[in-house]
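In case you want the letters, here they are:
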Amino acid sequence: MSAYPKNHRPHARNGLTAAAVLAIGCLACHPAAAQDPLPAIPMQIGSHALTAELADTPDRLREGLMHRTKLAKDAGMLFMLGAANYYCFWMKNTLIPLSIAFIDETETIVSIQEMQAGSLDLHCTEKPATAALEMNQGWFEKSGIRKGDRVQGIPATPVLQDHN
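Positions within a chain are numbered from 1, following the residues in the order the chain's sequence is written. Given that the model is predicted, a residue must reach a pLDDT of at least 70 before its local features are reported, and side-chain atom pairs must reach 80 or more before they are shown or counted; all residues, however, enter totals for whole chains, interfaces and linings. The side-chain values count all of the structure's non-hydrogen atoms but skip hydrogen atoms and water molecules.

Before going further, it helps to examine the pairing of strand S1 (residues 40–45). On S1, burial follows the alternation: Ile-41, Met-43 and Ile-45 on one face are buried, whereas Ala-40, Pro-42 and Gln-44 on the facing-out side are not. Examined bridge by bridge, S1 and strand S2 (residues 48–55) share six bridges and lie antiparallel to one another. The partner of Met-43 across the bridge, within S2, is Leu-50. Paired strands are those between which DSSP finds at least two bridges. The way it works is that DSSP assigns letters per residue, a run of H or I at least four long becomes a helix, a run of E at least two long becomes a strand, and they are numbered from the N terminus. The antiparallel pairing of S1 with S2 creates a hairpin that spans two residues between the two strands, and Gly-46 there sits at a positive phi of about 60°. Each residue's exposure class comes from its accessible area (1.4 Å probe, protein chains only) as a fraction of the maximum for that residue type: buried when under 20%, exposed when over 50%, partly exposed otherwise.

Bringing the sheet that holds strand S8 (residues 129–136) into the picture now. Taking strand neighbours across the sheet as the criterion, the seven strands line up as S6-S5-S8-S3-S2-S1-S9 in an open arrangement whose pairing is mixed. Every interior strand has two partners, whereas the edge strands, strand S6 (109–115) and strand S9 (151–152), have only one. As judged from the six bridges shared by strand S5 (residues 98–103) and S8, these two strands associate in the antiparallel manner. Paired with Ser-99 across the bridge in S8 is Met-135.

The definition used for a disulfide is geometric: two cysteine sulfur atoms within 2.5 Å. For the structure shown, the criterion picks out one disulfide. With a sulfur-sulfur separation of 2.0 Å, Cys-88 is cross-linked through a disulfide to Cys-124. Classification of the bridge connecting Cys-88 and Cys-124 rests on its S-S torsion, roughly 105°, and on that basis the disulfide is right-handed. Remark: Cys-124 occurs in strand S7 (residues 123–124) and Cys-88 occurs in strand S4 (residues 88–89); sequence separation between them is 36 residues. Using a relative accessible area of 1% as the deciding quantity, one classes Cys-88 as buried.

Turning to the packing of aromatic side chains, a few remarks are in order. Two rings from Phe, Tyr or Trp (for Trp, the six-membered ring) form a pair when their centres are within 6.5 Å of each other. A pair whose planes differ by under 30 degrees is stacked, one over 60 is edge-to-face, and the rest are tilted. This model, assessed by the stated rule, comprises three aromatic pairs. Ring centres 5.0 Å apart and planes at 85° place the aromatic pair Phe-79 and Phe-89 in the edge-to-face group. Note that Phe-79 is positioned in strand S3 (residues 75–85) and Phe-89 in strand S4, a separation of ten residues in sequence. Using a relative accessible area of 1% as the deciding quantity, one classes Phe-89 as buried. When the centroid spacing of 5.2 Å and the interplanar angle of 85° are considered together, the rings of Trp-139 and Phe-140 count as edge-to-face.

Shown next as structure tokens:
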């Protein structure tokens, strides 16, 4: 765990506890059972239109874009994370490289990070977020989208909770 300063607990970064990383933030940790197709929603960032599949249930949040071999040019996945908090993602079982934009409650991008296929490295938001948008790696940079840009089309639907 050399990536963390000595005075931090393993898996604790920016105030994250091991439980937050493993239970809340590690959203693509466990394969979910086969699911119905995800609803797709139109979104816009500046002048760039995109379509995002909506991950808004615990199973969909865990599955994410795992096991997929491609993602259309202007398509991605929007993760509805719930209450504003620090969240982390990793790329376990994810076969395509992705970029992730963490989005706060004002629908503003607070962080954009590049993620490598299959990596177990944690990618955590730098500020509290309520949503995350994954796109093909480099999509945000190629589109001229940066931290501070506003995202349109995020639904107000809260994350559905597991009752298990």
